[in-house]
Amino acid sequence: MKKFLTKIMFAAVAVLSVAGFTSCNNADDDPYVPVPQPTVQDQPKYQQVPAYAAAFSESILNLYDVTVTLHSGDKSKEVVLTPAEGTAVENDNDGKTITCYRYQFTEIDGQRGISSAEVEITPKADIKTILSNMPEETIAFMYGAKMFTASIDDNGKLVNDCGLFMHHNNVQPSKMMQNMGNGKVVYEAEIDLMKAFL
């Protein structure tokens, strides 16, 4: 029994000796350097301004002329939306990828802020020819627009996204040219439907 206790004592002394050689001082470790917190002057400054965003699928821009009239204080400006001025984004429409063009407006001729906007949609002069030459497959109309608060950095760059909700409906080219019996054809009625959400 004595031998057993002696062995336990030696084991305990050995463990304590190792622990004793372990330094509790962190002088030889890398010193802790606190990361300075950015001051109010260091933090980026953003100007919050009312802005307008809109998006239309390529199929809409191929069949219609879309014009937005923007207002900023006493200034107004008409902008014709074309794919060249928009940013192409891919959207999913029932498993099919649709190209849409997105537009965001934060100023008119240097005057920041968009107070309101109106959208005018008119059929292209040759819309009947365009529709009759299209393959008889579904055309996806996707569109959306809204006013939002834009964050503009010191360089005048928009740094946030408005999170635009896209409405959609699917039509066939031949049905677009059908007379609705109320003096309108379907492609004209589609304008009323789009404008209700813009």
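A brief look at the structure comes next. (Residues numbered from 1 in each chain as written. Predicted model: local features only at pLDDT ≥ 70, side-chain atom pairs only at ≥ 80, totals over all residues. Heavy atoms only, no water.)

### Description of the overall build of the protein chain
Thought 1: Looking only at helices and strands, the protein chain has five helices and 10 strands in total.
Thought 2: Looking at the protein chain as a whole, 33% of its 198 residues qualify as buried.
Thought 3: Long-range contacts, defined here as pairs at least 24 residues apart, represent 73% of the contacts in the protein chain between residues at least 6 apart.
Thought 4: Here the protein chain displays about 12,900 Å² of accessible surface, and carbon together with sulfur accounts for 55% of that area. (Helix = DSSP H or I, 4+ residues; strand = E, 2+ residues; numbered from the N terminus. Buried < 20%, exposed > 50% of the residue type's maximum accessible area, 1.4 Å probe, protein only. Contact = heavy atoms within 4.5 Å. Areas by Shrake-Rupley, 256 points an atom, 1.4 Å probe, with all protein chains shown as cover.)

### Notes on the sheet that holds strand S3 (residues 75-81)
To summarise the sheet geometry, strands pair through backbone hydrogen bonds and adopt either a parallel or an antiparallel arrangement.
Thought 1: Across the sheet, which stays open at both edges, the three strands sit in the order S3-S2-S8 with antiparallel pairing between neighbours. Edge positions in the sheet fall to S3 and strand S8 (116-123), since each has one partner strand and no second. Between one strand axis and the next, the sheet turns through 20 degrees on average, direction left out of account.
Thought 2: Bridge analysis of strand S2 (residues 64-72) against S3 gives seven bridges, and the strand direction is antiparallel. Across the sheet, residue Ser 72 finds its bridge partner in S3, namely Lys 75.
Thought 3: Seen against the sheet, helix H5 (residues 186-196) touches S2 and S8 and runs at an angle of roughly 170 degrees to S8. (Pairing = 2+ DSSP bridges. Axes fitted to C-alpha atoms, helices over the stretch in contact; angles between N-to-C directions.)

### A word on the sheet that holds strand S1 (residues 47-57)
Thought 1: Pairing within the open sheet is antiparallel, and its five strands lie in the order S4-S5-S1-S9-S10. This sheet does not close on itself; its edge strands, each paired only once, are strand S4 (87-93) and strand S10 (167-171). Across the sheet, the axes of successive neighbouring strands diverge by a mean angle of 25 degrees, strand direction being ignored.
Thought 2: Alignment of S1 against strand S5 (residues 96-105), held across six bridges, turns out to be antiparallel. Bridging across to S5, Ser 57 finds its partner in Cys 100.

### Quick look at unusual backbone geometry
Thought 1: In the Ramachandran plot, Asp 109 falls in the positive-phi region, its phi being about 50 degrees despite a non-glycine side chain.
Thought 2: Assessed through its relative accessible area of 57%, Asp 109 is described here as exposed.

### What to know about the environment of Met 180
Thought 1: With respect to the element layout, Met 180 can be found in the loop between helix H4 (173-176) and H5.
Thought 2: The residues contacting Met 180, other than those within four sequence positions of it, are Val 185, Val 186 and Ala 189.

### Some details on the environment of Gly 156
Thought 1: Within the secondary structure, Gly 156 is located in the loop between strand S9 (139-152) and S10.
Thought 2: The partly exposed category is assigned to Gly 156, whose relative accessible area is 36%.
Thought 3: Gly 156 sits 44 residues away from Arg 112 along the chain, and the two C-alpha atoms are 9.4 Å apart.

### Describing the packing of aromatic side chains
We describe a pair of aromatic rings using the distance from one ring centre to the other and the angle between the two ring planes.
Thought 1: Enumeration according to the criterion identifies two aromatic pairs in this entry.
Thought 2: Between the aromatic rings of Tyr 64 and Phe 141, the centroid separation amounts to 6.2 Å while the plane-to-plane angle is 75 degrees, which identifies the pairing as edge-to-face. Here the residue Tyr 64 occupies a position in strand S2, and Phe 141 occupies one in strand S9, the gap between them amounting to 77 residues.
Thought 3: With a relative accessible area of 0%, Phe 141 lands in the buried category. (Phe/Tyr/Trp six-rings, centres within 6.5 Å; stacked < 30°, edge-to-face > 60°.)

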